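Summary of the model geometry
The primary structure of each chain is shown beneath.
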Amino acid sequence: MTDEMLRRTQLQDNAAFLARAHDFQADIEMLSSSDLVGTILETVMLAANMRFAAVARVTEDRWVACRTVDEVDFGLAPGDEIEIRSTFCQSVRVTRQKVLFNDVATDEVYRNHPIAAKFGIVSYASIPIHRSDGSFFGTLCAIDTVPRDVKHPRAVAMLEMFADLIGRSLETEERLEAQEAHVAHEREMARIQEEFVAVLGHDLRNPVAALDAGLRLLAKEPQTDKARDLLPLMRASVHRMSDLIGNIMLHAKNRLGGGIRVNAEPDAPLSQAITHVVGEIRSAFPEREIALDLSITRPVHCDAARVAQAVSNLVSNAVQHGRAGAPIAVRAVTDAQGVTVCVANQGEALPEEMRQQLFQPFQRGNRESGGGLGLGLYIAGSIADAHGGRIEVDCADGTTTFTIALPDPVAPT
């Protein structure tokens, strides 16, 4: 076996013996995938006329190749390790000074050095790589088996500049990865929270339904004056809870399922659905006057249950935020383009900045009377969007009007 073959076998065996699943795997993957580092190594080889270049992670007891370009066939790939005592990089790490020689046979310091003799290294450069905080990362290495002029001032300046550039890019990549990991963690936490809310809303439906059934039974029994005063208040609270749970469930499905889905029918029973939800709210809030005007004179293509849910949210919003004692008007009308549903109430006008965020989830503006999660208007808007329609709000002459406009999919354009 020739000396060259022996050298390569020793180097490869050494690397293979120490190769393992690294705690430096993140560094290896980051540098292996960096276009900048690849370009730097190619440039180092071209400018210094060297045939091997690498970025190595160096610690007190480890030398790990993170990125290599090998035209000498040393056999070192990313992730391979060399016993630290078999490298010049140990001295670089300890002294924080570069190691350079053009020809080991004539160099005053490294002539007959055992490391060079063991691996057949003739010309060599190892430049320390530091992060911007001054901490030592590793080395930028260039090696050849023939003499090269790596100690030329221009070559040295270039190598030092590239080592500094790699150090700065490391920190940039690490910060980016940390930010991406943080974003991924936040997304996972948001998903878990949404799943929790969905389960909570689902589990609350049965006890609320039981309360509602119990109140209906109590309403049929003989009552004292105090009971007659309390039952409407309790029914209103149960209705509010039912609305909140419905909005929570729909919001969770919207987030987890990729959007609110509607099952539109060509001749949906929209009049009946709207009449039903308005009746429920009248029953829960008998003290509020809710006028209903339905002029649906032709078939409407929509998901009647979902549209009625949107109307219910708008009417409940009017009950909560409208002026006490003032009537609420619900009107639906069809025309050649589709159907329009309006819910109007009297009260304080909405500031323009509040209108911009009304249809976002968990946005309640500054009017928080009666609490709520700020989902009702968002759900109404999402239902309109799912139908290809829109929702708008207008404030004029002390009246706030929410309008849902749903297009007829077969109407002429």
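Everything numeric in this text was worked out from a predicted model, so none of it was measured.

Looking now at the overall build of the chain. Scanning the chain from terminus to terminus reveals 11 helices and 10 strands. By the burial criterion, 43% of the 413 residues in the chain qualify as buried. Contacts in the chain between residues far apart in sequence, at least 24 positions, make up 67% of those at least 6 positions apart.

A sheet is described by the order of its strands in space; here 5 strands give the open sequence β2-β1-β5-β4-β3, paired in antiparallel fashion. Every interior strand has two partners, whereas the edge strands, β2 (63-70) and β3 (99-101), have only one. Averaged over neighbouring strand pairs, the angle between their axes works out to 20° when direction is ignored. On top of the sheet, helix α2 (residues 25-32) reaches β1 (52-58), β2 and β5 (136-144); it is set at about 15° to β2, its chief contact.

Turning to the packing of helix α8 (residues 270-284) against helix α9 (residues 304-321), a few remarks are in order. Two numbers describe how α8 lies on α9: the axes approach to 9 Å, and their chain directions differ by 30°. In terms of axis orientation, α8 runs roughly parallel to α9. In this structure, the crossing between α8 and α9 has a hand that is right-handed. Where α8 abuts α9, its residues L270, A273, I274, V277 and I281 lie against A304, V307, A308, V311, S312, V315, S316 and V319. For the contact of α8 with α9, the class distribution of residues is 11 nonpolar, 2 polar and no charged.

Here we take up a negative patch on the surface. A cluster of acidic residues, E29, E173, E177 and E180, forms a negative patch at the surface. With 3 residues, the single largest contributor to the negative patch is helix α6 (residues 153-219). With respect to the helices and strands, E29 occurs in helix α2.

Let us now look at the packing of aromatic side chains. Within the structure shown, the criterion is met by 6 aromatic pairs. With 5.2 Å between their ring centres and 85° between their planes, F52 and F74 make a pair best called edge-to-face. One end of the pair, F52, is in strand β1; the other, F74, is in the loop between β2 and α4 (89-95), with 22 residues separating them in the sequence. For F52, a relative accessible area of 1% translates into the label buried. A relative accessible area of 3% means that F74 is categorised as buried.

On to the side chain of S316. Checked against the element boundaries, S316 lands in helix α9. Not counting residues up to four positions away in its chain, the partners in contact with S316 are H239, D243 and I281.

Attention now goes to the nonpolar core. Residues L270, I274, L314, V315, V330, L358 and F402 are the most contacted members of the largest nonpolar core, which totals 48 residues. For this core, the secondary-structure elements that each account for two or more residues are α7 (225-256), α8, α9, β7 (328-335), β8 (338-346), α11 (376-386), β9 (390-396) and β10 (399-407). For this core, the element with the highest residue contribution is α9, accounting for 9 residues. Listed in part, the 31 residues of the second largest apolar core include L31, M50, V64 and I166.

Further remarks concern the packing of α9 against α11. Running from N to C, α9 and α11 point in directions that differ by 150°, and their axes come no closer than 9 Å. Looking at the two axes, α9 sits roughly antiparallel to α11. Crossing geometry of α9 relative to α11 is assigned as left-handed. Contacts from R306, V307, Q309, A310, N313, L314 and N317 in α9 reach G376, L377, I379, A380 and I383 in α11. Along the lines of polarity and charge, the residues of the contact of α9 with α11 split into 7 nonpolar, 4 polar and 1 charged.

About the criteria used
- Residues numbered from 1 in each chain as written.
- Predicted model: local features only at pLDDT ≥ 70, side-chain atom pairs only at ≥ 80, totals over all residues.
- Heavy atoms only, no water.
- Helix = DSSP H or I, 4+ residues; strand = E, 2+ residues; numbered from the N terminus.
- Buried < 20%, exposed > 50% of the residue type's maximum accessible area, 1.4 Å probe, protein only.
- Contact = heavy atoms within 4.5 Å.
- Pairing = 2+ DSSP bridges.
- Axes fitted to C-alpha atoms, helices over the stretch in contact; angles between N-to-C directions.
- Parallel < 35°, antiparallel > 145°, perpendicular 65-115°, else oblique.
- Left-handed = near helix turned anticlockwise from the far one by under 90°.
- Nonpolar A, V, L, I, M, F, W, Y, C, P; charged D, E, K, R; others polar.
- Patch = residues over 30% accessible without salt bridge, like charges linked within 9 Å, V, L, I, M, F, W, Y side chains within 5 Å.
- Areas by Shrake-Rupley, 256 points an atom, 1.4 Å probe, with all protein chains shown as cover.
- Salt bridge = Lys/Arg side-chain N within 4 Å of Asp/Glu carboxyl O.
- Lys, Arg positive; Asp, Glu negative; His and termini not counted.
- Charge placed at Lys NZ, Arg CZ, Asp CG, Glu CD.
- Phe/Tyr/Trp six-rings, centres within 6.5 Å; stacked < 30°, edge-to-face > 60°.
- Core = buried A, V, L, I, M, F, W, Y, C linked by side-chain atoms within 4.5 Å.

Limitation: the analysis is restricted to geometry and does not speak to function.
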